[in-house]
Amino acid sequence: MTTDTICSGSNRLPLLDVVDLTVVFGNGGRHVVANHCVSVSVAAGETLGIVGESGSGKSVFCRALLRLLPTPPARISARHLTFQGQELLQSSEREMRRIRGQGIAMIFQNPMSSLNPVWTIGDQIGEVLRLYKRIDRRAAQGGAIALLDKVGIASAARRVNEYPFQWSGGMLQRAMIAMALAGEPKMILADEPTTALDVTIQDQILSLLMDLQRETGMALVLVSHDMGIIAETCDRVAVMYAGRIVELGSTSEIFNGPAHPYTIGLLNSVIPLDRTVRRLASIPGQPPDLTLLGVGCAFAERCSLVVDNCSKGPIPFHQITPGHLVACPMALNRDQSSLPVDKR
Amino acid sequence: MTVACIPSARIFSTSVSREVGSWSTSLKIGCALLLLIVVSAMFAPLIAGYGPDFQNFDAVLQRPTFSHLLGTDSLGRDIFSRVLFGARLDLQIGFIATYVPAIYGVLIGALAGYKGGKVDTVVMGVLNIAMAFPFLVLIIGILAILGPGIQNIYISVFLVAWTMYARLARADMMVERTKDYMTAARVLGFPTRRIILRHGLPNAISSSIVFSTSDFVLNILLVSGLSFLGLGVQPPTPEWGAMIAEGKDFLFQAWWICTMPGLAVVLTGTALSLIGDGLAQRLGERHHGFV
Amino acid sequence: MLQRKVMIYLQYAIKRVLHSVPVILGVTLFVFFGIQCVPGDPIRIMTRGRITDAAVAGIYAHLGMNRPLPIQYFDFLRKAVAGNLGESIIQHAPVTMLIGEKFWPSIWLLGTGTLFSAILAIPLALLSAYYRDRLIDHAIRLVSIFGFAMPSFWVGLLLILSIGIYLGWLPISGFGDDFISHVRHLILPGLTISLFLAPILVQSLRSSMLDVLTADHVEVARAKGLSEWHILLRHVLPNALIPTITVLAVNISWLLSGAVIVEYVFSLPGLGSLLIHSVGYRDYPLIQGLSLVFAILVVAVNLLADLSYMLVDPRVRKSNP
């Protein structure tokens, strides 16, 4: 599969191009294959959603992109891992530092613990500003105030000198977003940015991210286990299971016509709000032990469409439509209407 | 019945060789070193070339040579032999001074931590007062009053050394107290004594065990320090600190009289600290340093 | 703004001091009654027993020491609060004066020792944390263990021998007459203390730093593009100093003990040597005064530690209005 076909039929050169990213943890005996041959690409201004359950490798993926994983236990390899044409795996630590924050910024899951408790918010945002602009503390402070304003913090000028323990979770996440924007990045990786927040705040933060993205033209990679969030905000979706991408396509393709049995199972297990269900649908079985994965499909033992070939060898991507890929040979063969798919 | 009993105490393990194999390097080296020292001390009469009190006025203040491996002191006594015999004394005093207070210190602390309330308040009050006072100052005071000598060292140490163990055991016990297995034991109607001793304590002593190795080192330093000041072991008994004091006046001409016993202390202390480090890893303790 | 800050600190300090008063009282009580349980008394020791019982009784009556103990104790307290710690039986001088003379050298020694320890410990701990589990880390830890096991008097003697005598660079005893001289005289003793204290600090700091390095905000800092050294110095070290201050305060007792021995080895005219003398002669008023001073010192150090928490950790500041 070439990168062109992975891209949704557009002719733009991808901002981020990942081909066959593999991340293995382990020294000596046991190995955990956290990411196996993961391939995606993100174009400028695009929103890519990565959805999967806990342990599917989504967070590892984000960290691998920025090379934030400590490389004695982790081993990262890929055929391509390019950002704006630069091969990230060949870059020196210095070059990576330039990319972090200024090329690709990252927002983390737990805002309460993501900021240094003994530094003021303003100083922490200003730190990024001072990293690549030769400005003094005062100017950085001014920049921080402007950024806090932009992300919707009221009375930013007064609050900029406060400490993280004085802010609520939602406000802290806004501060994180401000910090991420400070470097004027081309792309933001958001690793479960709303999981630790109240539902009402979740919505605000997501809208904020969307607005900012429209304004700045940044790309956004949104990682979540919440299908609803992904459906609302993303252009394209990648479904991850056990460290692999099992399906990739546009949001409407994935949500209206899911092809991979896992994706179908995921969508089915979302509880509908508009009618009552007697029984909660769930995918039978457990996610696999990542140290014991064989060569075949990782979903095989839980899949209702499984055949012998599924466990024999690596499953290549099959194309349903240009831009909609699925790692399941059975998906092509079956009639779309014969499997119970719950449409929302 | 120990069903709800020992969730995390892995001190009791299955096969000895597998256990030793899993030890960290520092633990292995520390144990080996300590073993060497203890064995040398035990077999001192066999290993030492001379008696510790044997004076040879023809060989006074000699440099280290083959016949006197670590040299001789101002009375012609062989330093190597004296260091070996001194090891017996220092190790013995260190051991007793460490582990005797440890026992009742841990018990007091565990009781205070488990019971809480008035018992705890009283114990904390005593602890605070005891710790507001420099350890050595107190001991010097007691020794100067009671007179020098090993017996009195023991008395003074037994009076004050238990406090740190009480603190550690109390803190650990307060954590264990909230755990389910302790509640289960209470519900089953076990008497307090049994709950503390057989259920709580095995899990609450890890930090005390790790600390005891550092305490051992500190006690050896204490004993040698007191002997150095003339308040501890009296001459001519060989003891490392006393030997350093004796060598003080000959520092310039015969530096080895001071240096060798000191090296013995350092070696022993290092072995014990390595063991402490290794134990901390083995027991899963957060080892924040020596004390 | 500044005034308000000072007020906050002051209020906090006063609160903590009030809390420590019972402890100090407890210490004086213990010492007071403890000494009384002791065989031998100063007068007879001084006169080597060549004195009649009547004369001894007379002297004690004159000194007010034949009254019931509780009365003597409260008398002591009353006078102590007013700043009068009595008069030394042996040296016939006010205790406060005797202590005052020897006070500053000890404080200087403690300060120098702590300063040298910090200067040694912080860079070593940083290196240890940065190069974790590599050769440098193991080497530093081994050296720490050696340092901890070295008896302070032994180190002192070796330093005297090597730097003082062989190289003749620094004075080896006494305290000197002026500021520069003080500093020169304190270098070796301070170094001796630091060789004992620094290992404790290094281990503690290293452990705290490794703890902080696993925190979320450190990963975030890396994702911001900051260099590892910048993160260590500005984001890890300040946070790690907080628990280390605790360790330092808890070990103050050992520090003071070590200082006593070092004073002896280097013939520094400080509280340590005063203590050893007074105990030898059973000089009760002096012993009492000294124990009071030592207890206050320990309390003061703990108070300083608490105050420095306020300086370093904003969360402590805000919760103590």
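Every chain begins its residue count from 1, and numbering advances along the sequence as written. Note on labels: chains are lettered from A, ligands numbered from 1, in written order. Side-chain atom pairs in this predicted model are given and counted only at pLDDT of 80 or more, local residue features only at pLDDT of at least 70, and totals for whole chains, interfaces and linings cover all residues.

### Describing the overall build of chain C
The secondary structure content of chain C amounts to 14 helices and 0 strands. Helix and strand labels come from DSSP, where a helix needs a run of H or I of at least four residues and a strand needs a run of E of at least two; each type is numbered from the N terminus. If you list the helices and strands of chain C from N to C, you get α-α-α-α-α-α-α-α-α-α-α-α-α-α. The buried share of chain C, taken over its 321 residues, is 41%. Sequence separation of at least 24 residues holds for 74% of the intrachain contacts in chain C that already meet a minimum separation of 6. With C-beta atoms placed from the backbone, a residue is buried if 20 or more other C-beta atoms are within 10 Å of its own, exposed if 12 or fewer are, and partly exposed between those counts. We call two residues in contact if the C-beta atoms placed from their backbones are at most 7 Å apart.

### Some points on the overall build of chain A
For chain A, the helix and strand inventory stands at 12 helices and 13 strands. Oriented by its inertia axes, the alpha-carbon framework of chain A measures out at about 65 × 50 × 45 Å. Going through the 344 residues of chain A one by one, you find that 45% of them count as buried. At a minimum sequence separation of 6, the contacts of chain A that also span at least 24 residues come to 65%.

### Some details on the confidence of the model for chain C
Scored by pLDDT, chain C has a mean of 81; 90% of the residues are at 70 or more. The quantity called pLDDT is the predictor's confidence in a given residue, expressed from 0 to 100. When the elements of chain C are averaged for pLDDT, helix 2 (residues 42–46) of chain C gives the smallest value, 65, and helix 9 (residues 216–223) of chain C the largest, 93.

### Brief notes about the interface of chain A and chain C
By a frequent convention, interface size equals the accessible area lost on bringing the separate parts together. Taken together, the contacts link 23 residues of chain A with 18 residues of chain C. Taken together, the elements giving at least two residues each to the side of chain A that touches chain C come down to helix 3 (93–102) and helix 4 (121–132) of chain A. Among the elements that line the side of chain A that touches chain C, the one with the most residues is helix 3 of chain A, at 5 residues. Residues were grouped as follows: Ala, Val, Leu, Ile, Met, Phe, Trp, Tyr, Cys and Pro as nonpolar; Asp, Glu, Lys and Arg as charged; and all remaining residues, including Gly, as polar. Residues that form the side of chain A that touches chain C fall into these classes: 12 nonpolar, 7 polar and 4 charged.

### Observations concerning the sheet that holds strand 7 (residues 104–107) of chain A
Residues and elements named next belong to chain A. By definition, two strands form a pair when at least two bridges between them are found by DSSP. Within the open sheet, the 8 strands sit side by side as 7-8-9-3-10-11-13-12. Their pairing is mixed. Every interior strand has two partners, whereas the edge strands, strand 7 and strand 12 (318–321), have only one. The mean angle between the axes of side-by-side strands here comes to 20°, regardless of whether they run parallel or antiparallel. Here strand 11 (residues 244–250) pairs with strand 13 (residues 324–326) via 2 bridges, running antiparallel. Bridge pairing in strand 13 links L248 to L325. An axis is simply a line fitted to the C-alpha atoms; with a helix, the fit covers only the stretch in contact. Between two such axes, the angle follows the N-to-C directions and lies from 0 to 180 degrees.

### Quick look at the interface of chain C and chain B
The partner chain B presents 37 residues to the 39 residues of chain C that form the contact. For the side of chain C that touches chain B, the secondary-structure elements that each account for two or more residues are helix 1 (2–36), helix 6 (135–149), helix 7 (152–166), helix 8 (179–213), helix 11 (252–265), helix 12 (271–280) and helix 13 (284–312) of chain C. Looking at which element gives the most residues to the side of chain C that touches chain B, the answer is helix 11 of chain C, with 7 residues. Its residues assigned to classes, the side of chain C that touches chain B shows 31 nonpolar, 8 polar and no charged.

### Structural notes on the nonpolar core
The term nonpolar core refers to a set of buried Ala, Val, Leu, Ile, Met, Phe, Trp, Tyr and Cys residues connected through C-beta atoms within 7 Å. One finds M106(A), I125(A), A175(A), A178(A), V221(A) and V239(A) to be the most contacted residues of the largest nonpolar core, which totals 258 residues. Aside from chain neighbours lying at most four places away, what touches M106(A) is C62(A), L66(A), A180(A), L189(A), D191(A) and A223(C).

### Structural notes on the environment of L98(C)
Residue and element names in this part refer to chain C. Along the chain, L98 turns up in helix 5 (residues 95–130). Considering only alpha carbons, one finds L98 and G164, 66 residues apart in sequence, at a separation of 30 Å. Each residue touching L98, except ones within four places of it in the same chain, is listed here: S88, Q91, A93, L274 and L286.

### Concerning the pairing of strand 5 (residues 80–83) of chain A
Residue and element names in this part refer to chain A. Relative to strand 5, strand 1 (residues 16–25) runs antiparallel, the two being bridged by 4 bridges. Each bridged residue has a counterpart across the sheet, and for D17 the counterpart in strand 5 is T82. Bridge count for strand 5 against strand 6 (residues 86–87) is 2 bridges, and the pairing is antiparallel. From the neighbouring strand, F83 faces strand 6, where its bridge partner is Q86. If you look at the hairpin formed by strand 5 and strand 6, you'll find 2 residues sitting between the two strands, and Q84 has a positive phi there, around 50°.

### Description of the packing of helix 9 of chain C against helix 10 (residues 228–250) of chain C
Residue and element names in this part refer to chain C. Following both chains from N to C, one finds helix 9 and helix 10 inclined at 145°, their axes separated by 11 Å at the closest point. The element helix 9 and its partner helix 10 pack so that their crossing is right-handed. When helix 9 is examined against helix 10, the residues H217, V218, A221 and R222 are found in contact with a partner set consisting of I231, H235 and V236. When the residues that make up the contact of helix 9 with helix 10 are grouped by side-chain class, the tally is 4 nonpolar, 2 polar and 1 charged. Definitions for this section: a left-handed crossing has its near helix turned counterclockwise from the far helix by less than a right angle. A right-handed crossing has that turn clockwise.

### Let's talk about the pairing of strand 7 of chain A
All names here are of chain A. Here strand 7 shows two buried faces, one formed by I104 and M106 and the other by A105 and I107. Sheet topology places strand 7 next to strand 8 (residues 187–191); 4 bridges connect them, and they run parallel. Across the sheet, residue I104 finds its bridge partner in strand 8, namely M187.

### Section: the environment of S54(A)
Residue and element names in this part refer to chain A. Looking at where S54 falls in the secondary structure, it is placed in the loop between strand 3 (47–51) and helix 2 (58–65). Take S54: there are 9 C-beta atoms within 10 Å of it, and that puts it in the exposed class. Considered as a pair, S54 and P287 are 233 residues apart in the sequence and their alpha carbons are 9.3 Å apart.

### Side note on helix 10 (residues 192–204) of chain B
Residue and element names in this part refer to chain B. Expected span of a helix, by definition, is 1.5 Å for each gap between consecutive residues, and there is one gap fewer than residues. For helix 10, which comprises 13 residues, the first-to-last C-alpha distance of 15 Å sits more than 12% below the rise-based estimate of 18 Å (1.5 Å per residue). Taken as a whole, helix 10 carries its principal kink of about 25° at R198; the proline P202 stands between one and four residues after it. Where helix 10 is concerned, the buried positions are I195, I196, H199, G200, L201 and A204. Of the surrounding secondary structure, the elements contacted by the buried residues of helix 10 are helix 4 (79–115), helix 8 (162–177) and helix 9 (180–187). For a residue, the bend is simply the angle between two axes, fitted respectively to the seven-residue segment ending there and the seven-residue segment starting there.

### Considerations on the confidence of the model for chain A
Any region with low pLDDT has predicted coordinates that should not be read closely. Residues and elements named next belong to chain A. Mean pLDDT over chain A works out to 85, with 92% of the residues at or above the 70 mark. Across residues 1–10, confidence stays below pLDDT 50; counting only partners more than four residues off in sequence or on other chains, it has 18 contacts. Counting contacts from residues 335–344, a segment whose pLDDT is below 50, to residues more than four positions away or on other chains yields 8 contacts.

### Description of the arrangement of the chains
The interface with the most contacts, out of 2 pairs of chains in contact, is the one formed by chains B and C. You won't find any contact between chain A and chain B; their C-alpha atoms come no closer than 15 Å.

### Regarding unusual backbone geometry
Phi at E184(A) takes a positive value of approximately 50°, unusual for a residue other than glycine. Inspection of the secondary structure assignment puts E184(A) in the loop between helix 7 (169–182) and strand 8. A positive phi angle, near 50°, is found at S267(C), a position not held by glycine. With respect to the secondary-structure elements, S267(C) resides in the loop between helix 11 and helix 12.

### A few points about the packing of helix 6 of chain C against helix 8 of chain C
Residues and elements named next belong to chain C. Interhelical geometry of helix 6 versus helix 8 gives an angle of 140° and a closest axis separation of 8 Å. Between helix 6 and helix 8, the interaxial angle falls into the category oblique. In the crossing of helix 6 with helix 8, the sense of the turn from one axis to the other is left-handed. For the pair formed by helix 6 and helix 8, the contact residues are I140, S144, G147 and F148 on the first element and L195, F196, A198, P199, I200, V202 and Q203 on the second. For the contact of helix 6 with helix 8, the class distribution of residues is 8 nonpolar, 3 polar and no charged. Roughly parallel refers to an angle under 35 degrees, roughly antiparallel to one over 145, roughly perpendicular to one between 65 and 115, and oblique to any angle outside these ranges.

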